[in-house]
Amino acid sequence: QVQLVESGGELVQAGGSLRLSCVASGTMFRIYAMAWYRQAPGKQRELVARISSSLSTNYADSVKGRFTISRNNAKTTLYLQMNSLKPEDTAVYYCNADPPFREGLEYWGKGTLVTVSS
């Protein structure tokens, strides 16, 4: 029912910026909570940022003040603006959709690789 496709991952120098995008299929995007997760080699997957249908947000402490999550419901697209990138931000970044009232049902993209050099 829901397909998520991430894009925007690149090799970037430390201190630089990237914007990730996640395009979602379907007509119920507006009511989904959306999130970005990431997984670095040798580490478990972690929540990076989340945005609710009412636009409330929360961030991992490690990215607070540097990353901004946003959504464009008309485009059914989720974004992650990443500034002041650090080598420790290197990871595969995954888009996640959480439909309301459907505990245990969520959707994942295949991920996009962000590599921060230096």
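Structure shown above.
Below: a short report on this structure. Remember, predicted model here, so these are calculated numbers, not experimental data. (Residues numbered from 1 in each chain as written. Predicted model: local features only at pLDDT ≥ 70, side-chain atom pairs only at ≥ 80, totals over all residues. Heavy atoms only, no water.)

## A word on the layout of surface pockets
One way to see where empty space is left: roll a probe the size of a water molecule over the atoms. In this structure, the largest pocket spans a volume of roughly 200 Å³. Along the walls of the largest pocket sit 14 residues, with Asp98, Pro99, Glu103, Leu105 and Glu106 positioned nearest its centre. Counting only elements with at least two residues in the lining of the largest pocket, the list comes to β4 (33-39) and β9 (91-98). The element that contributes the greatest number of residues to the lining of the largest pocket is β4, accounting for 4 residues. Split into classes, the residues belonging to the lining of the largest pocket amount to 7 nonpolar, 2 polar and 5 charged. (1 Å grid on protein atoms, 1.4 Å probe; cavity = no way out; pocket = protein on both sides within 12 Å on 5 of 7 lines; lining within 4 Å. Points joined across faces, edges and corners; volume = space filled by probe spheres on them. Helix = DSSP H or I, 4+ residues; strand = E, 2+ residues; numbered from the N terminus. Nonpolar A, V, L, I, M, F, W, Y, C, P; charged D, E, K, R; others polar.)

## Focus: the pairing of strand β5 (residues 46-51)
Consecutive side chains of a regular strand alternate in pointing toward one face of the sheet and then the other. Pairing of β4 with β5 involves 5 bridges; the strand directions are antiparallel. Looking across to β5, one finds that Ala35 is bridged to Arg50. The loop that links β4 with its antiparallel partner β5 comprises 6 residues; one of these, Gly42, has a positive phi angle of about 80 degrees. Across 3 bridges, the pairing between β5 and strand β6 (residues 57-59) is antiparallel. (Pairing = 2+ DSSP bridges.)

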